Amino acid sequence: METISTSDFKAMEVKAALSALEASEKGLSASQVASRVAEFGYNEVEEKKESALLEFLLHFWGPIPWLLEIATILCFIIGNRFDAYVLGFITLVNGSVAYYNEHDSKKALTLLKKKLTIKAHVLRGGAWQQLNARELVAGDIITIGLGDVVPADAKILTGGVSADQSSLTGESLPVELHESDILFTGSILKRGEAKCVVVNTGMRTYFGKTVELVNIAKPKSKTEEIMFTISKNVTYLGAALFLVILAYALSIHSTTVTIFTFAVLFIGGGVPAALPMMFTIAQSKGATDLSKKNILVTKLDSIENAASVEVLCLDKTGTITMNELEIREAIPFSGTDAKELLALSYLASSTESKDAIDSVVIKYAKDNGAKLSGFEQVSYTPFEPATKYAFGIVKSKGKKFKALKGAPQKVIALCKGLSSRQKADLTRKIDELSLSGCRVLAVAKSEFGKLDSLKLCGLIALADPLRKDAAETIAALREAGIKPIMITGDNISVAREIAKQAGIGEKILRISDIKSLPESKQADAVLSCDGIAEIYPEDKFWVVKTIQKQGKMVGMTGDGVNDAPALKQAELGIAVSNATDVAKAAAGMVLTEPGIKVVLNAIQTSRETYQRMLTWTLKKISRSIQFMLILLVGFVWFQDVVVSITGLVFLMIVNDFLTMTLAVDNSRGSKKPNSWDLKNITMASFFVGGIFFLIELAILLLGMHQFNLDLLGIQTLILLSLVYTGQMGIYIIRERGHFWQSWPNRMVAMVLWLAIIAFTLLGIFGIGMAPLPANEVLLTFAICAAAIIITDFPKHWAYQKLGIGF
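What counts and how
- Residues numbered from 1 in each chain as written.
- Predicted model: local features only at pLDDT ≥ 70, side-chain atom pairs only at ≥ 80, totals over all residues.
- Heavy atoms only, no water.
- Core = buried A, V, L, I, M, F, W, Y, C linked by side-chain atoms within 4.5 Å.
- Buried < 20%, exposed > 50% of the residue type's maximum accessible area, 1.4 Å probe, protein only.
- Contact = heavy atoms within 4.5 Å.
- Phe/Tyr/Trp six-rings, centres within 6.5 Å; stacked < 30°, edge-to-face > 60°.
- Helix = DSSP H or I, 4+ residues; strand = E, 2+ residues; numbered from the N terminus.
- Pairing = 2+ DSSP bridges.
- Axes fitted to C-alpha atoms, helices over the stretch in contact; angles between N-to-C directions.
- Salt bridge = Lys/Arg side-chain N within 4 Å of Asp/Glu carboxyl O.
- Expected span 1.5 Å × (residues − 1).
- Arc of directions from axis to C-beta.

(A) Focus on the nonpolar core. By size, the foremost hydrophobic cluster in this structure holds 95 residues, and its most contacted members are F627 and W676. Leaving out residues up to four positions away in the same chain, F627 has contacts with L265, G269, V643, L648, L651 and L722.

So this is what it looks like as structure tokens:
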């Protein structure tokens, strides 16, 4: 049997569909079912299982792990076992943190799979059976009714239903479906019943295609890319300098132990070993801050991504609008006043019904003074897709009449006494309301005792209202340097009206018009428009990828299953508060309060987090430059290392890991999207690192010519000065202006000064290093402090010149 997509089945007549499925209304035989299961598999979402152990071990495969592993092995070879254990522990912690943060990536797939664990009423071998939905195959005949979850994509053979597809599309209004229409997997029936033929199962359903897109959606991790590039650049520099030292060492016949020691020092001092952990802690701090602002972060790297988002695709329903019905306008007709119209619409509804329209009509009528006294609804006939109206039989003063509401064209056709002109005026008004995004109901009543003699009383316009904060939020997004693009399945006229109300803009394009352009012009069309209308679910994924191909960082909001692939593909996927579980699992952030105003909180907090991560990166690269250059010069002068491996471990703990308190430092977010311009960041770091090296060189000369220290004393002096410049240097590196314009967080300052005091005492008392006189230690501290203050001025010039943090 040939595989045909659900959308193709939608265009087929019932007989043609049955023929294509090689099925009949009598159901399939056992042999047909067995052959189709063998060919197409069961009606379930396929899940690719991966080894958790292999996934864990892969986090120890990469540039940073390789270098740390090499350094650990070299430490064992040269006999520094304690230092080897420390480096090994650092490697293990980095890998474990990375594994933990990525372990939630399969949640969306798990939730999708659970959706198919339902029952189905199936005709097999001429007899009706109750089977698990998993056992359904294409061509099966099924019946579905009120409250049922549709178990597979199916085409209606007979009957009519009202289906709630909100779990798929996020749309609040039920969809009316009749013979030959398609029901999608996961829809819930709110009214009616139907006999259907299954057209697709499992991964071939609309639901399954969503799973495929969720699996395919793999946005490039910006955080991983940044860490890899930084590590690569520093490693290249370290390798180049090490080759210089190696050539010199071989020329003077240095020992293998000395060369291996240098290798460990260059790896430990140059490689940003704490970078993954620092980024994780900074992002965790951002996630904690956002949780206090009603935003749950489900993927930590979305914190960093949010700071760089340049384009935000806003799903209209539930994001820009409320995703709930309200009566926008009640229009009386032919002598009926507004309160009477509301009363009649109330009497044509049921207070016991779960119908969304009935609930809205009843509430609005009560809230707006409908004249209900003296009326009693004695019976109620709910809306049926076949009739397209609902009505109540009402008793008043001993007499009965009919109150009816429903589709305007149907109700108008039932009413008497309307002239051609009146019908034309009504049609024009209905079209006008429809184009503004309203669903229109007509309300009629019969004469007393003459239930079939109907008179039109007015129109009720229902709409999904704009969120109160929508226009304000759109304006604020633009001010923050982010381009908003509205995404909607509505027709272009409705989309333009909503875009106008929300202040999004006037350039709204149909998705079909964009896709009809040459491929080279499609991305420009997407980026130049203010909104895209008449979009299909799979198109959202395409829009996100198209923007990303232009090198833009993309955010996407959504609430339905059909939004999940786009939410996962976008660098920042945001599920709104009423989103389905699948959308929440695919997104990087989940809003816990209605509206999108909180998105601005996410962007501001993320930009503050970016500044913290940038500070640590600038500090680490500049410190690496300083460290490797002083090693090089020191080796030329002493033919030995001026920092011991134990000193290196001290420096890694103090200047790398203790400074991770920068993850909670005070910071100011920028007014525009941030960008990891690694070229300028590296240049700024090299500039500051070069000045730090000159400070270190001055200290080295001081130790050699003023203090007259031996090699062990020089090692202590250089270690202390590296700690002093590393800790006090935080004051100038963290501030994009001059250091006095903002002060560090209390915890950052406390740890910084505790480290300085602790190492001052260690140097004086000779704990873990050769002792130095107190006056020499304090003089070294004073020189470093003065030099750091002076360095702030060229640093400020370099930051401004290279646009660091602005």
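Having seen the structure, we can now continue with the description.
(B) Quick peek at the packing of aromatic side chains. Under the definition given, this model contains 14 aromatic pairs. Here F739 and W740 contribute two aromatic rings whose centre-to-centre distance is 5.3 Å and whose plane-to-plane angle is 80°, an arrangement assigned as edge-to-face. When the ring of W753 is compared with that of F781, the centres are 6.3 Å apart and the planes differ by 65°; the resulting orientation is edge-to-face. In this pair, W753 sits in helix α30 (residues 746-765) while F781 sits in helix α31 (residues 774-802), placing the two residues 28 residues apart along the sequence. Looking at W753, the relative accessible area reads 32%, which means it is partly exposed. When its relative accessible area of 21% is taken as the criterion, F781 is described as partly exposed. Through a chain of ring-to-ring contacts, three or more aromatic side chains come together here, namely Y731, F739, W740, W743 and F793.

(C) The sheet that holds strand β15 (residues 450-463), seen in detail. Taking strand neighbours across the sheet as the criterion, the 6 strands line up as β10-β15-β14-β13-β12-β11 in an open arrangement whose pairing is antiparallel. Two strands in the sheet have a free side with no partner beyond their single neighbour: β10 (326-332) and β11 (376-381). Strand-to-strand twist in this sheet, taken as the mean axis angle between neighbours without regard to direction, amounts to 25°. Inspection of the sheet shows β11 paired to strand β12 (residues 389-396) by 5 bridges, in the antiparallel sense. What sits directly across from T381, in β12, is F391.

(D) Geometry of the pattern of salt bridges. Throughout the structure, instances matching the rule amount to 21 salt bridges. Notably, a salt bridge pairs K316 with D490, separated by 3.0 Å at the nearest N-O pair. Taken together, the residues K316 in helix α14 (residues 316-320) and D490 in the loop between β16 (483-487) and α20 (492-502) connect sequence positions 174 residues apart. Owing to a relative accessible area of 22%, D490 belongs among the partly exposed residues under this scheme. Across the pair K429 and E432 runs a salt bridge whose closest N-O atoms are separated by 3.6 Å. Highlighted residues: K429 and E432, both in helix α18 (residues 420-435), separated by 3 residues, approximately one helical turn.

(E) Structural view of unusual backbone geometry. Despite not being glycine, S180 shows a phi value in the positive range, around 85°. By secondary structure assignment, the location of S180 is in the loop between β5 (175-177) and β6 (182-183). Phi at K397 is positive, roughly 55°, even though this residue is not glycine. Judged by its relative accessible area of 83%, K397 is exposed.

(F) Just the environment of L802, in detail. Considering the arrangement of structural elements, one finds L802 in helix α31. It is 38 Å that separates the C-alpha atoms of L802 and T319, two residues lying 483 residues apart in sequence. The residues contacting L802, other than those within four sequence positions of it, are N680, M683 and A684.

(G) Focus on α18. Compared with the 22 Å implied by 1.5 Å per residue over 16 residues, the 22 Å span of α18 between its first and last C-alpha is a close match. Within α18 the residues assigned to the buried category are L426, I430 and L433. An end-on view of α18 places all buried positions within 65° of arc, on one side of the element. Across from the buried face of α18, at angles greater than 90 degrees, the exposed residues are S420, R421 and R428.

(H) Inspection of the environment of S419 at higher detail. Counting through the fold element by element, S419 comes out in the loop between α17 (408-414) and α18. Sequence separation between S419 and M628 is 209 residues, and the spatial gap between their C-alpha atoms is 93 Å.

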